[in-house]
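Commentary on secondary and tertiary structure
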Amino acid sequence: MGSLNGKVAIVTGAASKRGMGRAIAVRLAKEGADVAVLDKLAAPKSIWPGDEGWGGLDSVVEEIKALGRQGLALVADVSRGKEVEAAVAKTLEKFGKIDILVHAGGIRGAMTTKIIDLTEEEWRNSLDINLTGSFLIAKAAAKAMIPNGEGRKIVLFGSKAATQGYTGSAGYCASKHGVLGLGRTLALELAPYKINVNIINPGGFDTNLRDQAITERAKAQGIPLAKAVEEESKKVGPGNNVPLGRLGKPEEIADLVYFLVSEQSAYITGKTIDIDGGA
């Protein structure tokens with residue numbers, strides 16, 4: 001069995017076929033963990049060819065079961081405390097404990113709207129989902145972990161936008177900057193219980209998180225969506241600001257997450273780790 005045999009994990013943002021959450025959930029299951037997968041939509045749509053018929057959370061649970069582990073599909077809006085608490089309660093009811101939380105869910109929101117044009121609704125939506133959602137799911141999971149805390153792990157997701165500004169992305173940048181402060185503080189508060197908390201800052205990755213921006217660009221340029229998808233796949237290459245010359249793969253995020261939730265990272269907490277191809 002894998003090194004996570006007997007562990008129970010919750011992974012959020014896990015319904016998209018090309019998402020980090022799905023890759024993480026499958027990797028943890030391969031390493032022996034039972035996994036509860038959570039998302040706001042049970043089966044979100046994808047603009048990428050070949051994704052038709054993807055069953056979302058149910059498909060991920062089937063992948064987990066095919067690896068000989070137990071899975072649980074949870075539909076919840078992480079920005080709503082009662083829904084988060086209900087999801088954690090269902091996980092405890094089925095598995096009896098929570099050893100690992102990986103909060104990979106989030107939105108990009110407005111990415112090309114300058115602050116003077118940004119609506120209050122767009123601003124609040126980014127903070128509610130990315131920052132308040134991180135607070136609510138981390139709080140609920142931590143409460144479940146504390147009674148037998150030693151060896152428990154929490155991984156939150158920041159972004160390259162958590163450490164610098166990007167024109168037109170004020171809400172996203174502010175929310176992700178906030179996740180760093182939240183995660184570092186939580187690490188200090190949970191250290192007495194021997195619970196590790198770390199934050200991953202991904203750069204550009206080939207995931208469904210890019211779908212909305214691609215769709216909006218196709219509409220603005222008056223080009224077919226399929227053409228916009230094709231152009232997106234060629235967007236990162238030699239000569240740009242990513243020295244390795246490509247977008248990251250969700251499986252590469254999953255490798256880093258596995259390290260951070262395994263015993264190999266027992267002496268790492270309160271840290272942010274960039275994974276960005278050298279950008």
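Rules used throughout
Residues numbered from 1 in each chain as written. Predicted model: local features only at pLDDT ≥ 70, side-chain atom pairs only at ≥ 80, totals over all residues. Heavy atoms only, no water. Helix = DSSP H or I, 4+ residues; strand = E, 2+ residues; numbered from the N terminus. Rg over C-alpha atoms; globule rule 2.2 N^0.38 Å. Buried < 20%, exposed > 50% of the residue type's maximum accessible area, 1.4 Å probe, protein only. Contact = heavy atoms within 4.5 Å. Pairing = 2+ DSSP bridges. Axes fitted to C-alpha atoms, helices over the stretch in contact; angles between N-to-C directions. Lys, Arg positive; Asp, Glu negative; His and termini not counted. Salt bridge = Lys/Arg side-chain N within 4 Å of Asp/Glu carboxyl O. Polar contact = N/O pair within 3.5 Å; in protein donor to acceptor, adjacent residues only side chain to side chain. Expected span 1.5 Å × (residues − 1). Left-handed = near helix turned anticlockwise from the far one by under 90°. Nonpolar A, V, L, I, M, F, W, Y, C, P; charged D, E, K, R; others polar. Right-handed = clockwise from strand over helix to strand, strands pointing away. Parallel < 35°, antiparallel > 145°, perpendicular 65-115°, else oblique.

On to the overall build of the protein, then. Within the protein one finds eight helices and seven strands. For 279 residues, the compact-globule formula gives about 19 Å, and the C-alpha radius of gyration of the protein, at 18 Å, lands near that figure. Residues classed as buried in the protein amount to 48% of the 279 residues present. In the protein, 73% of the contacts between residues at least 6 apart in sequence involve partners at least 24 apart.

This part is about the sheet that holds strand β6 (residues 196-202). Each strand in a sheet pairs with another by means of backbone hydrogen bonds, the pair being arranged parallel or else antiparallel. As summarised here, the arrangement of the seven strands in space is β3-β2-β1-β4-β5-β6-β7, forming an open sheet in which the pairing is parallel. On the outer flanks of this sheet lie β3 (71-75) and β7 (272-275), each paired with one strand and no other. Each strand axis lies, on average, 15° off the axis of its neighbour in the sheet, ignoring direction. Pairing geometry for strand β5 (residues 153-157) and β6, over five bridges, is parallel. Bridge pairing links K153 to N196 in β6. Lying on the sheet, helix α1 (residues 20-30) is in contact with β1 (8-12), β2 (34-39), β4 (100-103), β5 and β6; it crosses β1 at an angle near 170°. Along the sheet, helix α5 (residues 170-190) contacts β5, β6 and β7; its crossing angle with β6, the most-contacted strand, is approximately 160°.

Another point: the side chain of D39. Within the secondary structure, D39 is located in strand β2. Of the side chains with opposite charge, K40 lies nearest to the buried D39, which makes no salt bridge, at 8.7 Å. Among the polar contacts listed, one links the side chain of D39 to the backbone nitrogen of A14, at a separation of 3.2 Å. In this structure D39 touches G13, A14, A15, S16, L57, L74, V75 and A76, once residues within four positions along its chain are discounted.

A separate point is helix α4 (residues 120-145). End to end, α4 covers 36 Å across 26 residues, agreeing with the expected 38 Å (1.5 Å per residue, within 8%). When α4 is considered as a whole, its buried residues turn out to be S126, I129, N130, G133, S134, L136, I137, A138, A140, A141, A142 and M145. Where α4 is buried, its residues touch β1, α3 (81-95), β4, β5 and α5.

The subject of this paragraph is the packing of α3 against α4. α4 packs onto α3 with a crossing angle of 35° between their chain directions and a minimal axis gap of 9 Å. Every pair of crossing elements has a handedness; the one defined by α3 and α4 is right-handed. Here G81, V84, V88 and L92 of α3 come into contact with α4, specifically with L136, I137, A140, A141 and A144. Residues of the contact of α3 with α4, tallied by class, amount to eight nonpolar, one polar and no charged.

A large share of β1 lies buried, amounting to five of its five residues. What you see with β1 is no split at all: V8, I10 and T12 on one side and A9 and V11 on the other are buried throughout. Read from β1 through α1 to β2, the crossover connection turns out right-handed. Here four bridges tie β1 to β4, and the two strands are oriented parallel to one another. Pairing of V11 across the sheet is with V102, part of β4.

The subject of this paragraph is the packing of α1 against helix α2 (residues 57-66). Helix-helix packing is described using two parameters, namely the angle between the two axes and the distance between the axes. One way to put it is that α1 packs onto α2 with a least axis distance of 9 Å and a crossing angle of 20°. By the angle between their axes, α1 is roughly parallel relative to α2. As for the relative orientation of α1 and α2, their crossing is right-handed in sense. Touching R22, A25, V26 and A29 of α1 are V60, E63 and I64, all from α2. Of the residues belonging to the contact of α1 with α2, the class tally is five nonpolar, no polar and two charged.

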